[in-house]
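Below, each chain spelled out in residue letters.
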Amino acid sequence: MSFLGLGNAQPQLTSEQKISAAETELDLVTDMFNKLVDNCYKKCINTQYTEGELNKNESACLDRCVAKYFETNVKVGENMQQLGQTFTNAGKF
């Protein structure tokens, strides 16, 4: 616990820093979504459109593609957090 702002307390972020962090996070989420749409579209959707709706195979492919994309994203995020903690702990005595 910190006393009078001393110790291991995290510094308080200003409103501008909070807004900047939120904008950065929004950019990252938007970029991830756009990549997901692009990759799964290229993989699953036939570019010679014969129907106005997704057929059963396209729909199943999209479901699997999105699930795999998110599962992979979660695993990469967890690994990155572990690496960050390892780096942080390696610097402490």
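Above: the structure in question.
Let me sum up the structure you'll find in this document. (Residues numbered from 1 in each chain as written. Predicted model: local features only at pLDDT ≥ 70, side-chain atom pairs only at ≥ 80, totals over all residues. Heavy atoms only, no water.)

1. Thoughts on the packing of helix H1 (residues 15-44) against helix H2 (residues 56-90)
Logical step 1: Here H1 crosses H2 at 140°, and the two axes come no closer than 10 Å. As summarised for this structure, H1 and H2 are arranged oblique, according to the angle between their axes. Between H1 and H2 the crossing geometry is right-handed. Facing Met 32, Lys 35, Leu 36, Asn 39, Cys 40, Lys 43 and Cys 44 of H1, the residues of H2 in contact are Glu 58, Cys 61, Leu 62, Cys 65, Val 66, Tyr 69, Phe 70 and Asn 73.
Logical step 2: Across the contact of H1 with H2, the residue classes tally to 10 nonpolar, two polar and three charged. (Axes fitted to C-alpha atoms, helices over the stretch in contact; angles between N-to-C directions. Helix = DSSP H or I, 4+ residues; strand = E, 2+ residues; numbered from the N terminus. Parallel < 35°, antiparallel > 145°, perpendicular 65-115°, else oblique. Left-handed = near helix turned anticlockwise from the far one by under 90°. Contact = heavy atoms within 4.5 Å. Nonpolar A, V, L, I, M, F, W, Y, C, P; charged D, E, K, R; others polar.)

2. Regarding the state of the cysteines
Logical step 1: Going through the model one piece at a time under the given rule, you end up with two disulfides.
Logical step 2: Disulfide pairing places Cys 40 opposite Cys 65 at an S-S distance of 2.0 Å. Sign of the S-S torsion, about -90° for the bond between Cys 40 and Cys 65, identifies this disulfide as left-handed. One end of the pair, Cys 40, is in helix H1; the other, Cys 65, is in helix H2, with 25 residues separating them in the sequence. (Disulfide = S-S within 2.5 Å.)

3. Quick word on a nonpolar patch on the surface
Logical step 1: On the surface, a nonpolar cluster with roughly 430 Å² of combined accessible area is contributed by Phe 33, Val 37, Tyr 41 and Tyr 49.
Logical step 2: Following the sequence through the fold, Val 37 ends up in helix H1. (Patch = residues over 30% accessible without salt bridge, like charges linked within 9 Å, V, L, I, M, F, W, Y side chains within 5 Å. Areas by Shrake-Rupley, 256 points an atom, 1.4 Å probe, with all protein chains shown as cover. Salt bridge = Lys/Arg side-chain N within 4 Å of Asp/Glu carboxyl O.)

4. Overview of the environment of Glu 58
Logical step 1: Residue position: Glu 58 is located in helix H2.
Logical step 2: As a C-alpha pair, Glu 58 and Ile 45 span 13 residues in sequence and 6.0 Å in three-dimensional space.
Logical step 3: If sequence neighbours within four positions are ignored, Glu 58 has contacts with Cys 44, Ile 45, Asn 46 and Glu 53.
Logical step 4: In terms of polar contacts, Glu 58 uses its side chain to reach the backbone amide nitrogen of Asn 46, at 3.4 Å. (Polar contact = N/O pair within 3.5 Å; in protein donor to acceptor, adjacent residues only side chain to side chain.)

5. Overview of the nonpolar core
Generally speaking, a soluble globular protein has its nonpolar side chains buried in company with each other.
Logical step 1: Formed by Leu 36, Cys 40, Cys 44, Ile 45, Cys 61, Leu 62 and Cys 65, the largest nonpolar core amounts to seven residues.
Logical step 2: Breaking this core down by element, the ones donating at least two residues are H1 and H2.
Logical step 3: If we skip the residues at most four places from it in the chain, Cys 40 touches Ile 45, Leu 62, Cys 65 and Val 66. (Core = buried A, V, L, I, M, F, W, Y, C linked by side-chain atoms within 4.5 Å. Buried < 20%, exposed > 50% of the residue type's maximum accessible area, 1.4 Å probe, protein only.)

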